[in-house]
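Below, each chain spelled out in residue letters.
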Amino acid sequence: MKIPFIKTLVAFCNVFFVFCFVSFGQSVEIWVSTTGLDTNSGTKDKPLASLNMALRKVRELRRVSDASIVQGVHIYLKNGFYPLTETVFIRPEDSGNADSPTIISSAPNEQAILSGGVAIKSWRKLTEKLIGLPKEAVGKVWIADVPNWDGRPLEFRQLWVNSRKGVRAKDTPKSAMNRILSWNRKEEYCWIPTPKFDGIAKESEVEMFIHQWWEIANLRIKNIDIQGDSTKLTFHQPESRIQSEHPWPAPWISKETGNSAYYLTNAIQFLNEAGEWFLDRKANKIYYLPLPHENMQEATAIAPALETLLKIEGTIDHPVSYIFFQNLAFQHSTWLRPSTHGHVPHQAGMYMLDAYKLKIAGTPDKKTLENQAWVGRPAAAVQSSFSNHVNVENCSFEHLASTGLDFHKGVFDNKIKGNLFKDIGGTGIQVGVFSDESTEIHLPYNPSDSREITNNVVISNNLITDVSNEDWGCVGIGAGFVSGINIEHNEINNVSYSGISMGWGWTRTVNAMKNNRIFANKIHHYGKHNYDCAGIYTLSAQPNTIIAENYIDSIYKAPFAHIPNHWFYLYTDEGSSYMTIKDNWTPSEKYLQNANGPGNTWENNGSLVVDSIKQKAGLQKPFRQLLQSNVSADKNWLINKEKPVVIELIVDAKQPFDLQTLKAIMAKSKVKKEALFQWENHYVIFDKVQDLFLLRERLKTAFPLVKIKTYDDYFYEFNRENCGEKPSTKEQTHIVLTANLVADTTLQREYLTYHANQFKDWAEVSKGFCKADFQQLLIYKNGRQLMLIISIPKGESLDKLNPKTTENNPRVNDWNTLMQKYQEGIEGKKKGETWVFLKEI
């Protein structure tokens, strides 16, 4: 409202105060505009220029208990872009109360953007020769001077052009990655295939981005030593030591699934793909290769400069209270620690300060613990500690380098409601203490002063999309040691790792966590890059915690996952205890309970949960306009589904084999007893396996001399949908057969091509399977060996059904004859015999 000034009051204010308001029955209004002045009075007609000055005005009014603010203060930011030169800091002195809150919002029907970025201007097309620039980029690159910030040239790791995040120049096209050759932990170096870029060994600021299990690492390369077709990399400290000493998550080395994927970044030699950019810090130039539709003379290019845009921080005895943020946009934050210290996270983006494997396992809380780690917390665009009744509603968090919003320590009775979190390098929303830098991460957190604990925070009706797009181990919503947290009716999608992660500590010991609630969230298109993940993931004891009525679907098929099927819809990890998990809709019951504690209740989860739960999950009706900002599913990524796998044990025929131990391991791993088959010294398990990696590790430990082979994905599938029917619900009997492909690699490729095109070019074959009432037919491959699974209705026999495949269908015979030239028997099979039938045992 406009304040009615009385002449004598105006005179009084001019003499004694910089700013004075009188309000009759309404909150005081203070206005801010991009065209305002901080010397103005702050009215709508004479607005201030900065939020900081508006806060100072309010602080002074509260300091003197001015009667005008008895019903609160409303700071309005008019429409526009507000570039911040320093963090906006809200302190205890800025607090309101229940009757007199401070509201900070955009003006009605307008949008204020608080930006920590700097515009990069005066672009021109590069015409001079640039050493190292790839030939394919010559004549296409644009150049600009790096702006100054805080008295020196700006350094940054992100660039947004017309609100689209550019790609920091890297050595692989699009989403492709290479594979490391090896990693030497003792001497702290890595071997990779030699990069095909002239002069790369002379570049001094190249970085390695490496995928490892459920996290990634950013490593600053110290030396590039090219030795023929292999290249040795060493790294700067401290990340070199941490990367090589920490056991979890380590570089992945595997003949079956491939070694850890990586790419190199930050060299002019890599600038060869539209949308990429390179910052030359020595020359203070920025180079950009535009997309076809981009005109750099008209484009808006912004680099981030501020790490934290807004900090709301009190103390344990003097918290910040009753500050409400509404309809504000927070954009363009930076995070430069990876450029100065590297970035080696342990989990959920928490970067390791120190980590190593214990020579003697065990701690007082956990007798089997074999590693130690201490972590730091990534920066956030908006962060708060020791605050209460601080609400963030209908705001947007976009184009941010690290965490979006972080309610850290001593936060209670706060709300995060109806916001958009989009295009964020790290976690979208983070709440609660994980581990302080001085506290080892496996220790339970239960402070003597309970005011430290973040509790009673409501996180509801937020859209979280395209987050964790730089640190792939970050999550949509991450909660540490929290109590009474209510996470409900959010939609989370296009996340690199897990949707919601709740808990920390890996401990069964009762701690600060209790009474948490994860309810009616919609989580889909997650796990885009990293596995060992879930739609909802938990750690440690959390009495009276409920996870209910969530809708989880569509996990991406991550191309570089360390274990291709190590993903889940629901995942209660180490120490998870005293929780109730019920009425959650998921496409199948692909869940994992790993090293859980006592007191967990699982009830009515899976695809048979009533449809009304699916319908009600996610954003409630008043908030669904947020869906207009949703990032579409990536069409280049397939969607995973739970599939049965094949595990083969090849034992020494001359040595006794403990079959009872094998069956006990299967039971412990929740594998059905009827899933075991045998032919001579070959034992085969065929089933949907909850955790293939854990089953393999148990088998390797029990049978160290046995050869174990995994067939974790089939290359051919026939099912009843190929017959124009719905997927079969009949009980089935599985027939397991095995054979080898011939050694000729050309013939092997032909065999795979025939099967890839069979439904189109040999449609009669699947018609024969339909006529024979085959329910499913799968073919797996490991090396040259094939595993064929034929599923038929229970009670039927293959001898009875198989002849029906060729009735009035000679093309099936032609197919079978054709396939004979590609197949041969496995070792031990009689000459001239091909397929081995394994017997259920």
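Since the model is a prediction, treat every value here as computed from it, not as a measurement.

Caption draft 1: Highlighting the overall build of the chain. When you go through the chain residue by residue, the secondary structure sums to twelve helices and 65 strands. Taking 28 Å as the expected radius of gyration for a compact globule of 841 residues, we find that the chain reaches 30 Å, a close match to that expectation. Reported as C-alpha extents along the three principal axes, the dimensions of the chain are approximately 110 × 65 × 60 Å. Looking at the chain as a whole, 58% of its 841 residues qualify as buried. The contacts of the chain with a sequence gap of at least 6 include a subset with a gap of at least 24, amounting to 76%. Counting every atom, the chain has about 36000 Å² of accessible surface; 50% of that belongs to carbon and sulfur. Each charge sign in the chain was given a centre, from 94 positive and 92 negative side chains, and these centres are 2 Å apart.

Caption draft 2: Examining the packing of helix α6 (residues 659-668) against helix α7 (residues 692-702) more closely. The contact between α6 and α7 brings their axes to 10 Å, and the two run at 155 degrees. What the angle tells us is that α6 and α7 run roughly antiparallel. Judged by the twist between their axes, the crossing of α6 over α7 is right-handed. In contact with Thr 661, Leu 662, Ile 665 and Lys 668 of α6, α7 contributes Leu 695, Arg 698, Leu 699 and Ala 702. Of the residues belonging to the contact of α6 with α7, the class tally is five nonpolar, one polar and two charged.

Caption draft 3: Local environment of the pattern of salt bridges. A full pass over the atoms with the stated rule returns 37 salt bridges. A salt bridge links Glu 207 to Arg 168; the nearest nitrogen and oxygen atoms lie 3.2 Å apart. Of this pair, Glu 207 sits in strand β18 (residues 207-212) while Arg 168 sits in strand β14 (residues 167-168), and the two are 39 residues apart along the sequence. The class for Glu 207 is buried, based on a relative accessible area of 5%. Taking the relative accessible area as the measure of exposure, Arg 168 reaches 15% and is therefore buried. When salt bridges that share partners are traced, they join Glu 155, Glu 205 and Arg 281 into one network.

Caption draft 4: Structural view of α7. The set of residues buried in α7 consists of Leu 692, Leu 695, Arg 696 and Leu 699. An end-on view of α7 places all buried positions within 100 degrees of arc, on one side of the element. Those residues of α7 hidden inside the fold are in contact with β56 (645-650), α6 and β59 (707-711). Backbone nitrogen of Phe 693 and a side-chain oxygen of the N-cap are separated by 3.2 Å at the start of α7; the cap is Asp 691.

Caption draft 5: Structural detail: the sheet that holds strand β12 (residues 160-161). Spatial ordering of the open sheet is given by β7-β24-β12-β13, a layout of four strands whose pairing is antiparallel. Each edge of the sheet is formed by a strand with only one pairing partner; in this case those strands are β7 (117-120) and β13 (164-165). Strand direction decides the pairing type here: β7 and strand β24 (residues 301-304), joined by four bridges, are antiparallel. Opposite Val 118, over in β24, you have Ala 303 as the bridge partner.

Caption draft 6: How the structure looks around the packing of helix α8 (residues 745-756) against helix α12 (residues 810-819). It is at 11 Å that the axes of α8 and α12 come closest, and there the two elements cross at 160 degrees. Considered as vectors, α8 and α12 are oriented roughly antiparallel to each other. The interaxial crossing formed by α8 with α12 has left-handed handedness. Each of Tyr 751, Tyr 754 and His 755 in α8 lies in contact with α12, whose residues at this interface are Trp 815, Leu 818 and Met 819. In the contact of α8 with α12, the residues fall into five nonpolar, one polar and no charged.

Caption draft 7: A look at the side chain of Gln 823. Along the chain, Gln 823 falls in strand β64 (residues 823-824). One polar contact links Gln 823 to Tyr 751, side chain to side chain, over a distance of 3.4 Å. When sequence neighbours within four positions are dropped, the list of residues in contact with Gln 823 reads Asn 740, Val 742, Tyr 751, Thr 834 and Trp 835.

Here is what the cut-offs are and how they apply
- Residues numbered from 1 in each chain as written.
- Predicted model: local features only at pLDDT ≥ 70, side-chain atom pairs only at ≥ 80, totals over all residues.
- Heavy atoms only, no water.
- Helix = DSSP H or I, 4+ residues; strand = E, 2+ residues; numbered from the N terminus.
- Rg over C-alpha atoms; globule rule 2.2 N^0.38 Å.
- Buried < 20%, exposed > 50% of the residue type's maximum accessible area, 1.4 Å probe, protein only.
- Contact = heavy atoms within 4.5 Å.
- Areas by Shrake-Rupley, 256 points an atom, 1.4 Å probe, with all protein chains shown as cover.
- Lys, Arg positive; Asp, Glu negative; His and termini not counted.
- Charge placed at Lys NZ, Arg CZ, Asp CG, Glu CD.
- Axes fitted to C-alpha atoms, helices over the stretch in contact; angles between N-to-C directions.
- Parallel < 35°, antiparallel > 145°, perpendicular 65-115°, else oblique.
- Left-handed = near helix turned anticlockwise from the far one by under 90°.
- Nonpolar A, V, L, I, M, F, W, Y, C, P; charged D, E, K, R; others polar.
- Salt bridge = Lys/Arg side-chain N within 4 Å of Asp/Glu carboxyl O.
- Arc of directions from axis to C-beta.
- Polar contact = N/O pair within 3.5 Å; in protein donor to acceptor, adjacent residues only side chain to side chain.
- Pairing = 2+ DSSP bridges.

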